[in-house]
There are 2 protein chains.
Amino acid sequence: MHLQESGEMYLETIYILSKKGKAVRSIDVGEYMGYSKPSVSRAVGLLKQGGYVMSDNDGFLSLTDEGKRVAEKMYERHTLLTRFFVNLGVDEETATEDACKIEHDISDKSFEAIKNFVNK
Amino acid sequence: MHLQESGEMYLETIYILSKKGKAVRSIDVGEYMGYSKPSVSRAVGLLKQGGYVMSDNDGFLSLTDEGKRVAEKMYERHTLLTRFFVNLGVDEETATEDACKIEHDISDKSFEAIKNFVNK
DNA sequence: TGATGTAGTTAGCAAAGGCTAACTGATAGG
DNA sequence: CCTATCAGTTAGCCTTTGCTAACTACATCA
């Protein structure tokens, strides 16, 4: 199963909400992303099928190792690309928006190149 | 009519093929992009409807002013983003691929920021 | 106990944008 | 003149990913 951009966004969102401490439900994911309950329900179902997400008896969501791997990758890209744009003088909001789109498109090679640039 | 990423790609392709001198037909666009004739046919039809493309009696395609404006914008982004990645040490092929995706997503603000960086 | 509210699911719609199959219409060769 | 080829179109399918409407299941409250 190959993850689409939308799948990556759902995983990243679960990851971000998990980091805030509280248990994550589908409804929280939907609220964060601005999506309806059925959209999240289906997406989470597919991510479970794909082995990226698990849910316990109370419906609380967690990431599998693979899900976490993807989510962390996206999150790292997101934060670093945001930082990159801000360094170049872009306002925080625009930087975040652009990072959010680019994080799904960019190759590992190019990302690493930007990362090296930002960290030097 | 709001242009999607795919519309922008078709316009950019027509622009690139036009620059090569010869008259551009739908079939050329399809060959360049790796798409089937019906896909191109529909896309070009929509771009005509939207006022981005015109065709003469022989089926040769040309861009309207608005189509050219979009195509040139994408082309500029494409070449500059490629240059940006190459400058950071990314190989030409990867740089082009990534530029091709990012050119549709990035905001004017962030693009201008990268442009300033590359040109200094 | 019955009404309300919350979370999730099911069914089905829509738009984008690929595809194949099969048609039309013009041009060119034998 | 018939046939083959080439360009384009039409019809219709498929996937992705959003949506609404309507349902279920549970919990809480008066």
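Above this text you will find the structure in question.
Residues numbered from 1 in each chain as written. Chains lettered and ligands numbered in written order. Predicted model: local features only at pLDDT ≥ 70, side-chain atom pairs only at ≥ 80, totals over all residues. Heavy atoms only, no water.

(A) Up close: the protein's contact with DNA strand D. Inspection of the region around DNA strand D gives 16 residues, with Gln4 and Arg42 of chain A together with Ile27, Lys37 and Ser41 of chain B positioned closest. Taken together, the sugar and phosphate atoms account for 45% of what DNA strand D places within 4 Å of the protein. Ser39 of chain A places a side-chain nitrogen or oxygen 2.7 Å from a phosphate oxygen of DNA strand D. With respect to DNA strand D, the side chain of Arg42 of chain A contributes an N or O atom lying 2.4 Å from a base nitrogen. Elements that contribute at least two residues to the surface near DNA strand D include exactly α1 (5-19) and α3 (37-49) of chain A together with α2 (26-33) and α3 (37-49) of chain B. Counted by class, the surface near DNA strand D contains five nonpolar, eight polar and three charged residues. (Near = heavy atom within 4 Å. Polar contact = N/O pair within 3.5 Å; in protein donor to acceptor, adjacent residues only side chain to side chain. Helix = DSSP H or I, 4+ residues; strand = E, 2+ residues; numbered from the N terminus. Nonpolar A, V, L, I, M, F, W, Y, C, P; charged D, E, K, R; others polar.)

(B) Just the packing of α2 of chain B against α3 of chain B, in detail. All names here are of chain B. With their axes 9 Å apart at the nearest point, α2 and α3 run at an angle of 115 degrees to one another. α2 and α3 meet at a crossing whose hand is right-handed. The residues of α3 that touch α2, namely those facing Ser26, Ile27, Val29 and Gly30, are Lys37, Val40 and Val44. Residues of the contact of α2 with α3, tallied by class, amount to four nonpolar, two polar and one charged. (Axes fitted to C-alpha atoms, helices over the stretch in contact; angles between N-to-C directions. Left-handed = near helix turned anticlockwise from the far one by under 90°. Contact = heavy atoms within 4.5 Å.)

In short, shape yes, function no, at least from these values alone.
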